[in-house]
Amino acid sequence: MNQRVIKSLVMILIVAMFGFFGYSIVTKGEHTDVGDQAYNFELPNIDGGTTKLSDYKGNVVILNYFATWCKPCKDEFPELAAFQKDYGDKYPLLMINRGETIDKVNKVTKNNHEGMNYLFDYNAKVSKRFNVTGQPETFVIDKKGVIREHYNGAVTEMQLYNWVKKYED
């Protein structure tokens, strides 16, 4: 390679790095994670209404980000449904879908509707605030609204139960 091409590539790399770091600094305050107060969102739900995180104030709440095309998400659906059935009255489980339609979610989750709270983050605004990078991703929020757990990957009913029990008091 000639020296001019190498210098150009290095310059492009340096500009890109500064751009990335600048963007990170500017958007840092918009993200929440473990130890932060959870962003109080309001999202459309599968019944046609809206659901706010603040509706569950004083409860330990679980947020689970999923997609209908996601294999690990499909694999964890039975575990989440079992948790909802056994503990959902005490520990609300909010299933949040990014960018898919209600019809699509209805079709894929038809066997997992009983008591499940499906919400829709169409423009990914809320997922950006929670710094969601994929799916499935699960968050546990304590009774004071603080994010206590953030887990990437499929979860089991027992994992969820063990997490919520830690923050019950």
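The preceding data block contains the structure.
The model shown is predicted, which means the values in this text are computed figures rather than measured ones.

*Asks:* If you had to explain the overall build of the protein chain to someone new, which residues and values would you point to?
*Replies:* For the protein chain, the helix and strand inventory stands at five helices and seven strands. Starting at the N terminus and ending at the C terminus, the protein chain contains elements arranged as α-β-β-β-α-β-α-β-α-β-β-α. Taken across its 169 residues, the protein chain has 41% of its residues classed as buried. Split by element, the accessible area of the protein chain, about 9900 Å² in all, is 54% carbon and sulfur.

*Asks:* Outline the sheet that holds strand β5 (residues 117-121), supporting the account with residue identities and numerical values.
*Replies:* Strand order in this open sheet of five strands is β5-β4-β3-β6-β7, and the pairing throughout is mixed. A strand with exactly one partner marks an edge of an open sheet, and here the two such strands are β5 and β7 (147-152). Strand after strand, the sheet turns through a mean of 20° between neighbouring axes, direction not considered. Pairing of strand β6 (residues 137-141) with β7, which is carried by five bridges, proceeds in the antiparallel orientation. Within the sheet, the bridge partner assigned to I141 lies in β7 and is I147.

*Asks:* With reference to specific residues and values, describe the layout of surface pockets.
*Replies:* As a volume, the largest pocket reaches approximately 180 Å³. Lining of the largest pocket is provided by 15 residues; of these, Q37, L53, S54, K57 and G145 occupy positions nearest its centre. Here the residues of the lining of the largest pocket are counted per class, giving five nonpolar, six polar and four charged.

Here is what the cut-offs are and how they apply
Residues numbered from 1 in each chain as written. Predicted model: local features only at pLDDT ≥ 70, side-chain atom pairs only at ≥ 80, totals over all residues. Heavy atoms only, no water. Helix = DSSP H or I, 4+ residues; strand = E, 2+ residues; numbered from the N terminus. Buried < 20%, exposed > 50% of the residue type's maximum accessible area, 1.4 Å probe, protein only. Areas by Shrake-Rupley, 256 points an atom, 1.4 Å probe, with all protein chains shown as cover. Pairing = 2+ DSSP bridges. Axes fitted to C-alpha atoms, helices over the stretch in contact; angles between N-to-C directions. 1 Å grid on protein atoms, 1.4 Å probe; cavity = no way out; pocket = protein on both sides within 12 Å on 5 of 7 lines; lining within 4 Å. Points joined across faces, edges and corners; volume = space filled by probe spheres on them. Nonpolar A, V, L, I, M, F, W, Y, C, P; charged D, E, K, R; others polar.

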